[in-house]
Amino acid sequence: MRKLTGGRWFAAALAASAVLTAGCTARVDAEDLPGLYRNDETGGEIRLESDGTFTATDLSTAPHGDPADFHGDWNFVDRGDFLSEDFVYLNIAERGIGEVSGVQLYARGGGKVAFREPDGSWSLVLTKST
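Residues numbered from 1 in each chain as written. Predicted model: local features only at pLDDT ≥ 70, side-chain atom pairs only at ≥ 80, totals over all residues. Heavy atoms only, no water.

K.L.:
Give me the sheet that holds strand S5 (residues 87-92): which residues, what numbers.
P.N.:
Around the barrel, eight strands lie side by side as S1-S2-S3-S4-S5-S6-S7-S8; this closed barrel has antiparallel pairing. Here the average twist between neighbouring strands, direction ignored, is 30 degrees. Across four bridges, strand S1 (residues 35-38) lies against strand S2 (residues 45-48) in antiparallel orientation. Counterpart to Leu36 in the pairing with S2 is Arg47. (Pairing = 2+ DSSP bridges. Helix = DSSP H or I, 4+ residues; strand = E, 2+ residues; numbered from the N terminus. Axes fitted to C-alpha atoms, helices over the stretch in contact; angles between N-to-C directions.)

Below, the structure written as structure tokens:
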């Protein structure tokens, strides 16, 4: 009897964590993405245009990277499930051999996008300007 109760508790905890995770990953509509996003603390900006191009000004995509200006085209990647994050793939123009030619900008919903380290140790959140 005791194992059955423990199993039910585990199942309930697992279900609750799935619901909480789903609530943290907001669904994003690609049509809502175009616009200017800014981080007030760093001054970095990125503008996603409705024609699929972007420009970034004074923006760092990594925790120890120097801010830079870059441009290119973007595509929205809808992961299609509640456990994976949707993201914007930025294809950076004019990059040479050995340079990073693309980065992921995570769509957080609520007018926010973020660059971040995979382990979550660093994140730069940009908020859509009105």
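Moving on from the coordinates now.
K.L.:
An account of the packing of aromatic side chains is needed here, citing residue identities and associated values.
P.N.:
Under the defined criterion, the tally for this structure stands at two aromatic pairs. Ring centres of Phe54 and Phe70 lie 6.0 Å apart, and the angle between their planes is 75 degrees; on these two criteria the pair is classed as edge-to-face. Of this pair, Phe54 sits in strand S3 (residues 53-59) while Phe70 is found in strand S4 (residues 68-77), placing the two residues 16 residues apart along the sequence. Each member of the pair, Phe54 as well as Phe70, is classed as buried. When the ring centre of Tyr106 is taken as origin, the NZ or CZ atom of Arg116, which lies over that ring, is 4.2 Å away. (Phe/Tyr/Trp six-rings, centres within 6.5 Å; stacked < 30°, edge-to-face > 60°. Buried < 20%, exposed > 50% of the residue type's maximum accessible area, 1.4 Å probe, protein only. Lys NZ or Arg CZ within 6 Å of the ring centre and 35° of its normal.)

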